[in-house]
Amino acid sequence: MFSDIGALELVTLVVLAVLIFGPEKLPKVIQDVSRFIRKVREFSDSAKQDIRNELGPEFKDFEFEDLNPKTFLRKQLEGNEDLKELKELRSTFDLKKEMNEVADAVHSREGAPAPTAVNGSPDLLKKQDKPDAGERPPYDSDAT
């Protein structure tokens, strides 16, 4: 229940409890709180048992933790061969590396290979370098 509370937080709670309730009333408050928690647990357990009884024998293996989607999926996929293949595929694929390669190819950065068509001719979608001031741009027969 309190698995995520560290030592410093626990000490802070104890000091606050002593300051708020005082050292004389603190044992009574702790008893009352523990009694309340016990009653809530008993109520919860009896409600779960009543629900199991009402569902009938076909739901004898029903666990309320299975209502959590993560737990349900984990149980359903446990031991599934497709899941093992998916994990294997996921470990071989590096999305960040692939995205960087695509970005380098699109922007024609240094160190990235220049994009070429399948037959080795230059890629026409690549942005062309600007010609010098006295140089005429190349003739494009497709543009006319």
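If you're wondering where the values come from, they're calculated on a predicted model, not measured in any experiment.

**Student:** Before we move on, can you summarise helix H1 (residues 7-55) with the specific residues and values?
**Tutor:** The end-to-end C-alpha distance of H1, which contains 49 residues, comes to just 43 Å, noticeably less than the 72 Å that a straight helix rising 1.5 Å per residue would cover. At Gly22, H1 shows its largest kink, close to 105 degrees, and the proline Pro23 lies no more than four residues downstream. Among the residues of H1, Ala17, Gly22 and Leu26 are the ones counted as buried. Residue Gly56 follows H1 closely and has a positive phi angle near 100 degrees.

**Student:** Go over the confidence of the model for the protein chain with me, naming the residues and quoting the values.
**Tutor:** Mean pLDDT for the protein chain: 78, with 76% of residues reaching 70 or above. In the model of the protein chain, helix H3 (residues 81-92) stands out as the element of lowest mean pLDDT, 73, in contrast to H1, which has the highest, 91.

**Student:** I'd love a proper account of a nonpolar patch on the surface, names of residues and values included.
**Tutor:** The grouping of Val11, Val15, Leu16, Leu19, Ile20 and Phe21 at the surface amounts to a nonpolar patch, some 590 Å² of accessible area in total. When you line up the elements, Val11 lands in helix H1.

**Student:** Go over the pattern of salt bridges with me, naming the residues and quoting the values.
**Tutor:** Across all of its chains, the model carries two salt bridges by this definition. For Asp32, the salt bridge is made with Lys28, and the minimal N-O distance between the two is 3.5 Å. In this pair, Asp32 and Lys28 both sit in helix H1, four residues apart, roughly one turn of the helix. Owing to a relative accessible area of 32%, Asp32 belongs among the partly exposed residues under this scheme. Note that Asp32 and Arg35 form a salt bridge whose closest N and O atoms lie 3.1 Å from each other. Here the residue Asp32 and the residue Arg35 both occupy positions in helix H1, the gap between them amounting to three residues, near one helical turn. Here the salt bridges do not stand alone but share partners, grouping Lys28, Asp32 and Arg35 into one network.

Conventions adopted
Residues numbered from 1 in each chain as written. Predicted model: local features only at pLDDT ≥ 70, side-chain atom pairs only at ≥ 80, totals over all residues. Heavy atoms only, no water. Helix = DSSP H or I, 4+ residues; strand = E, 2+ residues; numbered from the N terminus. Expected span 1.5 Å × (residues − 1). Bend = angle between axes of the 7 residues up to and from the residue. Buried < 20%, exposed > 50% of the residue type's maximum accessible area, 1.4 Å probe, protein only. pLDDT = per-residue confidence, 0-100. Patch = residues over 30% accessible without salt bridge, like charges linked within 9 Å, V, L, I, M, F, W, Y side chains within 5 Å. Areas by Shrake-Rupley, 256 points an atom, 1.4 Å probe, with all protein chains shown as cover. Salt bridge = Lys/Arg side-chain N within 4 Å of Asp/Glu carboxyl O.

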